[in-house]
Amino acid sequence: MARILVTYDMFREGFKELEDKYEVTFPTGRDFTYEEVYEMLPEYDVLCSMFDFPVNRELIDHAPNLRLVSNYAVGYNNIDVAYCLEKGITVTNTPGPVTAPTANIALGLLLDTARRITECDRKLRNQTIRVGVLENLGAPVTGQTLGIIGMGRIGKALAKRAVACGMEVIYYKRHPLYIDEETKLNVTYASKEELLKQSDFVSINAPYTPETHHLIGEAELQMMKSSAILINTARGPLVDEHALVKALKEGTIRGAGLDVFEFGDYPLPELLELDNVVLTPHIGTQTYETRVEMAQTVCNNVIGFLEGDRPITRVLRP
Ligand code: GLV
């Protein structure tokens, strides 16, 4: 019988079907460390990894029985997919349950940064706020342009929400959508440069790959309107965080809403000092319901792979 190793601590509700059928090893009260997984993996056929757990060559080379890596995330930049595929190891992800919650957090950060909600809350609490009809002016949102970089599932879900808020939506993607889909979503294609120049808000909803590293750096920030707001709910290193700090301090752009950071779980300390930034610690999918649904998708992928009885969400290329 296939043996399954899960690297992370998780609500077990989502794992019920898998645990009823197979021998599944979980850590308790904390995640397994890389070293622990490295030691255990030779005994396992399936690895269920978290989005921040590195599934690299060293680990794969130490796993002679490994047939499947079932990642808990839509993003899979933590996995050396090319090497897995070369070794005949299948990789799966969890796109379905991630889409709506991530689009919701992107819209939340957009509205919060535009209307200065968290900033006002913070200033009210520490009694540094100036109150008056000419104070704390924000950006209107309605009637403004949102530029979405990366028009996959999450980008499209965000576009629908933005259109409902009365925004114009333009997007950039390597391969533009078909016209009928653009019409249905009410979005217009723009080159990356046009998008950066025209948008009042720029939201990054692209995967992180070597090609998209620092997709937004100093040059791109310079192209944006000085009144523009940048939203990143995808992966931290898509944005050059040092360049962003500089742009925010110098007024190159108006503000930023960030759910992910370039150097791990925490932002650069300088970002904490700035009022024109809203920061959340990678909570795009952080609800109990989504956590359980993502776990169920991980399990569906494992069972579907092992038994061939249902579709799985397979990652086809790096
Ligand atoms: C979360 O970051 C995901 O990739 O699903």
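Residues numbered from 1 in each chain as written. Predicted model: local features only at pLDDT ≥ 70, side-chain atom pairs only at ≥ 80, totals over all residues. Heavy atoms only, no water.

Tracing the backbone shows N301 in helix α13 (residues 288-307). Filtering out sequence-adjacent residues up to four positions away, N301 remains in contact with L68, S70, T92, N93, I312 and T313. (Helix = DSSP H or I, 4+ residues; strand = E, 2+ residues; numbered from the N terminus. Contact = heavy atoms within 4.5 Å.)

Scanning the entire structure with this criterion turns up eight aromatic pairs. Seen from their ring centres, Y8 and F15 are 6.3 Å apart, and the 55° between their planes marks the pair as tilted. Of the residues examined, Y8 reaches a relative accessible area of 1% and is grouped as buried. Classification of F15 as buried rests on a relative accessible area of 0%. An aromatic cluster is defined as three or more aromatic residues linked by ring pairs; in this entry it consists of Y8, F15, F26 and Y72. (Phe/Tyr/Trp six-rings, centres within 6.5 Å; stacked < 30°, edge-to-face > 60°. Buried < 20%, exposed > 50% of the residue type's maximum accessible area, 1.4 Å probe, protein only.)

With that settled, the discussion passes to the pairing of strand β9 (residues 201-204). Burial along β9 is two-sided: F201 and S203 and V202 and I204, pointing in opposite directions, are all buried. Across four bridges, the pairing between strand β6 (residues 145-149) and β9 is parallel. Bridge pairing in β9 places G147 opposite V202. Remark: the β9/helix α10 (residues 218-223)/strand β10 (residues 229-232) crossover connection has right-handed handedness. (Pairing = 2+ DSSP bridges. Right-handed = clockwise from strand over helix to strand, strands pointing away.)

What follows covers the site of the ligand. The ligand sits among A73, V74, G75, V98, R235 and H282. Measuring from an oxygen atom of the ligand, one finds a side-chain N or O atom of H282 at 2.7 Å. Tallied by class, residues from the shell around the ligand come to three nonpolar, two polar and one charged. (Near = heavy atom within 4 Å. Polar contact = N/O pair within 3.5 Å; in protein donor to acceptor, adjacent residues only side chain to side chain. Nonpolar A, V, L, I, M, F, W, Y, C, P; charged D, E, K, R; others polar.)

A word on the sheet that holds β10. With parallel pairing, the seven strands of this open sheet are ordered in space as β8-β7-β6-β9-β10-β11-β12. Of all strands in the sheet, those bounded by a partner on one side alone are β8 (187-189) and β12 (277-279). Across this sheet, the average inter-strand angle for adjacent strands is 20°, counted without regard to direction. Set on the sheet, helix α11 (residues 241-250) makes contact with β10, β11 (255-258) and β12; between it and β11 the angle comes to about 140°. (Axes fitted to C-alpha atoms, helices over the stretch in contact; angles between N-to-C directions.)

This paragraph deals with α13. Its 20 residues place the ends of α13 28 Å apart at the C-alpha level, agreeing with the 28 Å of an ideal helix rising 1.5 Å per residue. For α13, the set of buried residues is T290, R291, V292, M294, A295, T297, V298, C299, N301, V302, I303 and G304. Contact partners of the buried residues in α13: β1 (3-6), α1 (16-21), β3 (46-50), β4 (68-72), β5 (90-92) and α5 (95-115). Of the residues flanking the end of α13, it is G308, one or two places downstream, whose phi is positive at about 65°. (Expected span 1.5 Å × (residues − 1).)

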